[in-house]
Amino acid sequence: MNVRILALVAVLLPAVGFSQANSWNVSPVPAAGESVARVVMEDASDLILEVTNTSTNTSDSRVSEVSFVLPTGYQLLGGLPAEENPNWKVEYIDANERRITFQSTLGCVDDGRGLARNESARFVLSVVAPSNRATDSTTERLVGGTYARDQCDGRSYAYNVNNMTPWTRGILAANVTLSPRVLAVNGTTVARVVVENRGTGPATVTLDNPASTSSVPLTTVSKNPAGNLSVAVRSAGVFVANLRPTAAGAVAARVRARTSNNASNAPLVDSPVADVGNLVAAADMDIVDAFAGDSVALRLTVLNTSTTNTYTQVRPRAPVLLGRATASLVAGPSPESVAQLAPGASAQFTWRYQVSGSPGASYQFQAQVDGTLNGSAVAGDVVTARKGRIVEHRVRLSQETMSTAATGVTVAYTVQNRGTQPIIEVKLFKPAVNYFAVAASGPQAFGDWIVYTDAASYIWESETGIPVGGEATFRITYSGFTAVTEDTAFRHRLELNQGWNDARIRVEATMTLLSVAASPDVGRLTGVARDGSVTLTWDNPFNHGGTLVLRAEGTSPPNTAPTSGVRYAVGDVLGNATVAYVDEFSSASSMTDTAVTNGTTYTYRVFNADDQLRYGPGNQPTSQGLLATPRARVAGNPLWCYSVGLDTTLQPVTELGVGIFSSFNDSVVATRTNTTNPSEDGAERFRPVKMAGKIATRFPVVPLLGRPGQQWIVVGDQTGVPAVLNAATGEFLWRNTTLGLGNISSFPVTQLLDYANPEYRTTYSNVDLAIFATRNTSAQNQVVALNAATGALIWRYRPGDLGMVSGGMLVDYTTNRLYVPTRTGTSTATLRVLNSLTGAEVARLSLGDLEFGVVRNATSNQILVTANDGRVYGVNPATFTTAWTATVRPTTARAFTHFARPLGRGFVVSTADGAVERYEMDATNVPVQLWSTDIAGPAGSFTLNQNGVARIYVGSSDGKVHQLELETGTDSGQVTVGPAQAIGTPTIDHTVGRLHVGTPDGRICAFPVPF
């Protein structure tokens, strides 16, 4: 039979014959954790209705059209079929009749059309309940006119709406934030709940202990207030619950606010997802109300909460999209991975997607991170970002964050229209009136928009309205804001009207009142100045949303900080500086500034911004910022300068043809040598590695037993923590915090099995030694030898009268002797000779204050000892007696700036009175002066023999490095590193003809040699 004829016959048949056989049911669906569905008075609420075909008839008739009518006083904003049953559509909406009709999208001859017997479908209605009660109404139901039918055969399905399960209408709305969202087991996180009163009178409100949404238990440590809070009409109350998760996993806090007499409950709300454990993560999206075709960013923040474990090869998995919207990957992840995540360190990964779909379609991402711990794969928990939707209308606030100290602030609400009709009315519901005080001037009219005010809202009306594809900005001045104890987010709700007979449109945005003025600073800020560019690199803190970089010309730092809540663009001027870079919701941790001029010095300050657009102090590495001077790669100029902002005058350590190592303050740094690609020359090998305290000396970089092809940094700090780091990655092999050494300020030394003599190999068949000495003010200075592979103690020398050790020690491999120079004050025996295998004392010599390193002259096989009083000693390594004494300066004051460096059978010295001198052995094996050259404030020296021509290079207090001819001492060339300052001791990579040297103003520069 023809389908149209069948439908006509069905209409003509008496309906009574089907009254029992053809039935359906509609029930409101409670939210997770609820026993009853809830809507909030005068607020946009989702009412989920489940329809079931309860027919007993065995015919093939199906429910393929349902129509719902809301009770009187309700607003119908719109609706969608639930995501689990997509083969339905909205066929008809009548806002005045409060009716919405859904139809199956499958035709009458398609399989799966509508609902067969016992099948169900869900529909999401966006509704606004009236606010004419002060308590819950527990008997809200659909009203007459609600129906279901088969649109193909016209068959109707019987149902009495008076028998349906009711939903509840209440006066309270709540939202909740959670911070932090990544934490260790038994850590504390804070749920901050804002409860709004939508009723007709004041309410006494309380907060139940939050519940867990997963298997992770949440213990409520405390609540504030612990009891009741009075909340006036159109006001908000703020509750704080301190929560402790006692197991690992992903969890949200589910909160219930209610009136103290249980007369009205707010719908349960879940916080954003928190992750608990060791390698934890949080997922966030920047836009949750996207127009079709918009680009949205997804960010995964990862934190290592462990105090001991370092995760390596940390990388995110591809995010999983949930919802009906589509998302096309535009870029990401950025970065692709992080080499290591030290204890307490965090990392961020970002993706950018283009989203599309029909209005109301949702998009949501699940993300997960993987890592490696001690060689084994580790997977983090799956975490979910908040849900976003494709929209046709939205609002943007000019200030998404606000300091509560601000007064007289005009906030702009920009309404954007991508719908099908102009918007002729905009209503702003008054935000929590006890936190947002409106100035007398209130809302502002403009153009042909006129403005009205009533008790609950501000209303703008226009004849022309906001055109399709256009936007308009509505302004209102707030006189002040109530202080909050922590950052607190408040909703700002608007209602849009595009026709008096059309459904209203609700949009909203959030403004966060700030409890503090600043976000945390970036970390480990460094820069590389090259030809025509400056590249800055930093670490984003955990609380990071974006970065702003200010650049000032000259050595004076930018003197005006950005204002929190204000967005800036590249080129904006703040005080004496210009915005050189800005990003938002980004994981970027570097930028290259090419808007610079060679030869001009710039000072940079980098400001972290959190998600509330609150800026950090910009005081990394100090409030003086970071200096950088780009220069052309021509003779006399550096190839690059690496800036860290703090003194870098310790002599760099060279890995020939590969790069250099150095330190500043408490950090070890490493840069690369790249002779083929100038844009990568001087780049970091790894991010600066922090020790527990200041590093006061250079350090050896050596191979270790059983680790072929690898180099290792042996370093100690002034808190007494010795350590070994991988020279390629910066990863700690070990740190020993249990020895209680005190101040380590002298050059550590090693004794390596691969280069040792038979006596050593007999004693230690599979051990390299790393030896450290202390510079404590007490008599309990000591020398310790540790297993270089594990940090375990091998021996300890602590005689009770050992003076402070400042200069570097010397290991004589041929005799297994360790020479330890010390200061006077504790003992006059200032040079100790130890058995390097056991730590037993072999000899002691009284040579005066010894503050500089002891070195061996390989040509004469003598130990050179530099004393503060102007003498250099040659010590016989066989008899431990002085073979000679050279009186370089006849004074008891500190005469030298560096230890005597062996050269030929003699040495070169730099003196405090401004000279560099060369001494050589005469016929009687006593050193005599060959030449003396005046150099202002000379540092230590370094030699280079190139094509048979030997030269000496020395830093100076005039801001230059001087090139001296070895045979004559002639000052044959100089390069300028910076303004007048004490340039450090240089080092030279003879394989690529480069000199590296550091400065007090925090730069390490590379120059080609010879000059």
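Up top you'll find the structure we're talking about.
Now for a quick tour of the structure. Please read these numbers as outputs of a predicted model, since none were measured by experiment. (Residues numbered from 1 in each chain as written. Predicted model: local features only at pLDDT ≥ 70, side-chain atom pairs only at ≥ 80, totals over all residues. Heavy atoms only, no water.)

What follows covers the sheet that holds strand β9 (residues 137-140). In a beta sheet, neighbouring strands are held together by backbone hydrogen bonds and run either parallel or antiparallel to one another. The three strands lie next to each other as β2-β12-β9, forming an open sheet whose pairing is mixed. Each edge of the open sheet is held by one strand with a lone partner, namely β2 (38-40) and β9. Looking at each pair of strands side by side, their axes are set apart by 35° on average, direction ignored. As defined by bridge partners, β2 adjoins strand β12 (residues 167-170) across three bridges and the pair is classed as parallel. Bridged to Val39 within β12 is Arg169. (Pairing = 2+ DSSP bridges. Helix = DSSP H or I, 4+ residues; strand = E, 2+ residues; numbered from the N terminus. Axes fitted to C-alpha atoms, helices over the stretch in contact; angles between N-to-C directions.)

By the definition in use, this model includes 23 aromatic pairs. Judged by centre distance (5.2 Å) and plane angle (85°), the ring pair of Trp88 and Phe123 falls under edge-to-face. Note that Trp88 is positioned in strand β6 (residues 88-94) and Phe123 in strand β8 (residues 120-128), a separation of 35 residues in sequence. An identical accessibility class is assigned to Trp88 and Phe123; each is buried. Ring geometry for Trp460 and Phe474: centres 5.3 Å apart, planes at 55°, overall tilted. In this pair, Trp460 is assigned in strand β45 (residues 457-466) and Phe474 in strand β46 (residues 471-481), connecting sequence segments 14 residues apart. (Phe/Tyr/Trp six-rings, centres within 6.5 Å; stacked < 30°, edge-to-face > 60°. Buried < 20%, exposed > 50% of the residue type's maximum accessible area, 1.4 Å probe, protein only.)

With that out of the way, let us pick up the sheet that holds strand β17 (residues 211-212). Pairing is antiparallel in the open sheet, where three strands are placed in the order β17-β22-β24. The sheet is open, and its two borders are formed by β17 and β24 (269-270), each paired with just one other strand. Bridge count between strand β22 (residues 253-255) and β24: two bridges; the pairing is antiparallel. The partner of Val255 across the bridge, within β24, is Val269.

The omega angle of the peptide bond from Gly332 to Pro333 is 0°, so this bond is cis rather than trans. By the element assignment, Pro333 lies in strand β31 (residues 326-334). Between Val1009 and Pro1010 the backbone carries a cis peptide bond, its omega angle lying at 0°. Following the sequence through the fold, Pro1010 ends up in the segment after β88 (1003-1008). Despite not being glycine, Asn262 shows a phi value in the positive range, around 60°. Within the secondary structure layout, Asn262 lies in the loop between β23 (257-259) and β24. Of the residues examined, Asn262 reaches a relative accessible area of 52% and is grouped as exposed. Look at Gln313: it is not a glycine, yet its phi comes out positive at around 50°. Inspection of the secondary structure assignment puts Gln313 in strand β29 (residues 311-316).

For the rest of this paragraph, the subject is the pairing of strand β39 (residues 393-397). Of all five residues in β39, four are buried; the element is thus mostly enclosed. Two strands pair when backbone bridges link them, and β39 and strand β41 (residues 407-417) are joined in this way by five bridges, in the antiparallel orientation. In the sheet register, Arg394 faces β41, and the bridge partner there is Gln416.

Residues Tyr413, Val415, Val426 and Phe490 are the most contacted members of the largest nonpolar core, which totals 35 residues. Apart from residues no more than four positions distant in its own chain, Val415 is found in contact with Arg394, Val395, Ile423, Val426, Ile466, Gly470, Glu471, Ala472, Phe474, Leu494 and Leu496. Formed by 29 residues, the second largest nonpolar core is a distinct cluster that contains Ala281, Ile287, Leu341 and Tyr363. (Core = buried A, V, L, I, M, F, W, Y, C linked by side-chain atoms within 4.5 Å. Contact = heavy atoms within 4.5 Å.)

Per the stated rule, a full pass over the model turns up two disulfides. One disulfide bridge connects Cys108 with Cys152, the sulfur atoms lying 1.8 Å from each other. Where Cys108 bonds to Cys152 through sulfur, the torsion about that S-S bond is close to -95°, and the disulfide is left-handed. Here Cys108, found in the loop between β7 (99-104) and β8, pairs with Cys152, found in the loop between β10 (147-149) and β11 (156-157); they are 44 residues apart in sequence, far enough to count as distant. According to the relative accessible area criterion, Cys152 is buried, its value standing at 8%. What links to what in the protein: the bonded cysteines, counted in sequence order, pair as 1-2, 3-4. (Disulfide = S-S within 2.5 Å.)

Read these as layout, nothing more, since geometry by itself doesn't imply function.
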